[in-house]
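This is what each chain is made of:
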Amino acid sequence: MAQRYVRVQNPQGQVYYGLLQPSLMVHVLDAAPWLQGQLTDLILEPESYQILAPCTPSKIIAVGKNYAEHAAEMGTEVPTEPLLFLKPPTSIIASLEEIQYPPQSQRVDYEGELALVIGDRTIKCTPEEAQTKIWGYTIANDVTARDLQKRDSQWTRAKGFDTFCPLGPWIVREVNPGARLQTFLNEEATPVQSACIDQMVFPPDFLVSYISGVMTLLPGDVVLTGTPLGVGPLHSGDRVRVEIEGIGRLENTVTVRQPVPNQTPENQN
């Protein structure tokens, strides 16, 4: 089993990075692992911590339409260069936390994705150099208010709601290029999304190189690499699970967010 790097919180509110053991004990590090964190003598027992999202990025850079079949299902051509957008760090939640369905939207979709975690300050690097800048891999769900995405003609609101970036549950250092990504809804045995990550139009090293020519990437930043064919709607009460071979599973339930006082969906839009 690959080493699993986690970020956890104890009942006193202290947050640690650590290595998750097969016994579910966490061997605590003295810093984030991509900042050369070293193992300490502190070990957390399985019932003494809560798993958080595995990192706290300064920014989340996401890539749209990076699988040809997904671009087709959205009725568009494959982009000739990566299509970038940003999600705010405040959209991040951990595995097992709740995705909140906002009252402004009538159509919220799941989008299972491979996420890259950057390990070093990265500026204008080549694809070859980018391979050394990707510290590890985790799982993401790029939750999207599809109706607002179409209405706004840009993606900030649709992609940026609080809870719209489930991330985790941990980070691994390597992933098989042919690993399969699958998304499941509720108790259905058949995945709603299923693709090998090597079907990406632009692979991870190219994406990091391309993005670094636009903006500086900092240690702990996250790159979402795009979703495959099969996106679809979520409803209150749904349980959505994204699995990637060699990493694990990211699982979240959907609840309804309460409206902002004195606002309605009509006058918010």
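Quick caveat: nothing in here was measured; it's all calculated off a predicted structure. (Residues numbered from 1 in each chain as written. Predicted model: local features only at pLDDT ≥ 70, side-chain atom pairs only at ≥ 80, totals over all residues. Heavy atoms only, no water.)

### Concerning the overall build of the protein chain
Piece 1. Summing up its helical and strand segments, the protein chain has six helices and 20 strands in all.
Piece 2. Since a compact globule built from 269 residues should have a radius of gyration of about 18 Å, the 18 Å found for the protein chain is in line with a globular shape.
Piece 3. In the protein chain, buried positions account for 53% of the 269 residues.
Piece 4. Partitioning the contacts of the protein chain with sequence separation of at least 6, the portion at a separation of at least 24 is 71%. (Helix = DSSP H or I, 4+ residues; strand = E, 2+ residues; numbered from the N terminus. Rg over C-alpha atoms; globule rule 2.2 N^0.38 Å. Buried < 20%, exposed > 50% of the residue type's maximum accessible area, 1.4 Å probe, protein only. Contact = heavy atoms within 4.5 Å.)

### Notes on the pairing of strand β2 (residues 15–20)
Piece 1. When you tally the buried positions in β2, you get five out of six residues, the bulk of the element.
Piece 2. Relative to β2, strand β1 (residues 4–9) is paired through six bridges, and the arrangement is antiparallel. Following the sheet pairing, Gln-9 is matched in β2 by Val-15.
Piece 3. Pairing analysis gives three bridges linking β2 to strand β3 (residues 26–29), with the strands arranged antiparallel. Of the residues in β3, the one forming a bridge with Leu-20 is Val-26. (Pairing = 2+ DSSP bridges.)

### What to know about the sheet that holds strand β13 (residues 144–145)
Piece 1. Taken in spatial order, the three strands make up an open sheet running β13-β10-β18, and their pairing is antiparallel. The open sheet terminates on both sides in strands that have one partner only, identified here as β13 and β18 (232–234).
Piece 2. The sheet contact formed by strand β10 (residues 108–110) and β18 spans three bridges and is antiparallel. By the bridge assignment for β18, Asp-109 is matched with Pro-233.

### Things to note about the UniProt feature "domain: Rv2993c-like N-terminal" (unreviewed entry) in the protein chain
Piece 1. Feature annotation in UniProt places "domain: Rv2993c-like N-terminal" (unreviewed entry) on residues 4–54, given in this structure's numbering.
Piece 2. In this annotation, residues 4–54 is assigned 0% helix and 47% strand; the end-to-end C-alpha distance for the span is 10 Å. (UniProt positions renumbered as here; feature names shortened; annotations may be inferred.)

### Here's the deal with the nonpolar core
Piece 1. Core analysis: the biggest nonpolar cluster contains 34 residues, and Val-26, Leu-114, Tyr-137, Ile-197, Val-208, Ile-244 and Ile-247 have the highest contact counts within it.
Piece 2. Residue assignment for this core shows that the elements contributing at least two residues are β1, β2, β3, β11 (112–118), β12 (134–141), β14 (165–172), α5 (204–212) and β19 (239–244).
Piece 3. With residues near it in sequence (within four places) discarded, Val-26 still touches Val-6, Val-8, Gly-18, Leu-19, Leu-20, Leu-42, Ile-43, Leu-44 and Tyr-49.
Piece 4. Grouped together as the second largest cluster of nonpolar side chains are 21 residues, Leu-29, Trp-34, Ile-60 and Ile-171 included. (Core = buried A, V, L, I, M, F, W, Y, C linked by side-chain atoms within 4.5 Å.)

### Considerations on the state of the cysteines
Two cysteines joined by a covalent bond between their sulfur atoms form a disulfide.
Piece 1. Within the structure shown, the criterion is met by zero disulfides.
Piece 2. Cys-125 carries a free sulfur, and the closest cysteine sulfur to it, the one in Cys-55, is 18 Å from it. (Disulfide = S-S within 2.5 Å.)

### Brief notes about the packing of aromatic side chains
Piece 1. Summed over all chains, the structure comprises seven aromatic pairs.
Piece 2. Plain terms: the ring middles of Tyr-17 and Trp-34 are 5.4 Å apart, the flat faces sit at 80° to each other, and that makes the pair edge-to-face. With Tyr-17 in strand β2 and Trp-34 in the loop between β3 and β4 (39–44), this residue pair connects regions lying 17 residues apart in the sequence.
Piece 3. Exposure remark for Trp-34: the relative accessible area of 5% places this residue in the buried category.
Piece 4. Ring centres 6.3 Å apart and planes at 20° place the aromatic pair Phe-206 and Tyr-210 in the stacked group. Of the two residues, Phe-206 and Tyr-210 are both situated in helix α5; the distance of four residues between them amounts to about one turn of the helix.
Piece 5. Using a relative accessible area of 25% as the deciding quantity, one classes Tyr-210 as partly exposed.
Piece 6. An aromatic cluster is present here, built from Tyr-5, Tyr-17, Trp-34 and Trp-135 joined pairwise through their rings.
Piece 7. Sitting above the plane of the Trp-170 ring, Arg-4 keeps its charged end 4.8 Å from the centroid.
Piece 8. Between Arg-241 and the ring centre of Phe-184, over which it is positioned, the NZ or CZ distance is 4.4 Å. (Phe/Tyr/Trp six-rings, centres within 6.5 Å; stacked < 30°, edge-to-face > 60°. Lys NZ or Arg CZ within 6 Å of the ring centre and 35° of its normal.)

### Section: unusual backbone geometry
Piece 1. A cis amide bond links Gly-168 with the next residue in sequence, Pro-169, at an omega value of 0°.
Piece 2. Relative to the helices and strands, Pro-169 resides in strand β14.
Piece 3. Of note, Leu-96 is a non-glycine position whose phi angle comes to about 80°, a positive value.
Piece 4. You can see Leu-96 is positioned in the loop between β8 (92–93) and β9 (98–101).
Piece 5. Phi angles above zero are rare outside glycine, and Thr-163 is one such case at about 80°.
Piece 6. Among the structural elements, Thr-163 can be located in the loop between α4 (156–160) and β14.

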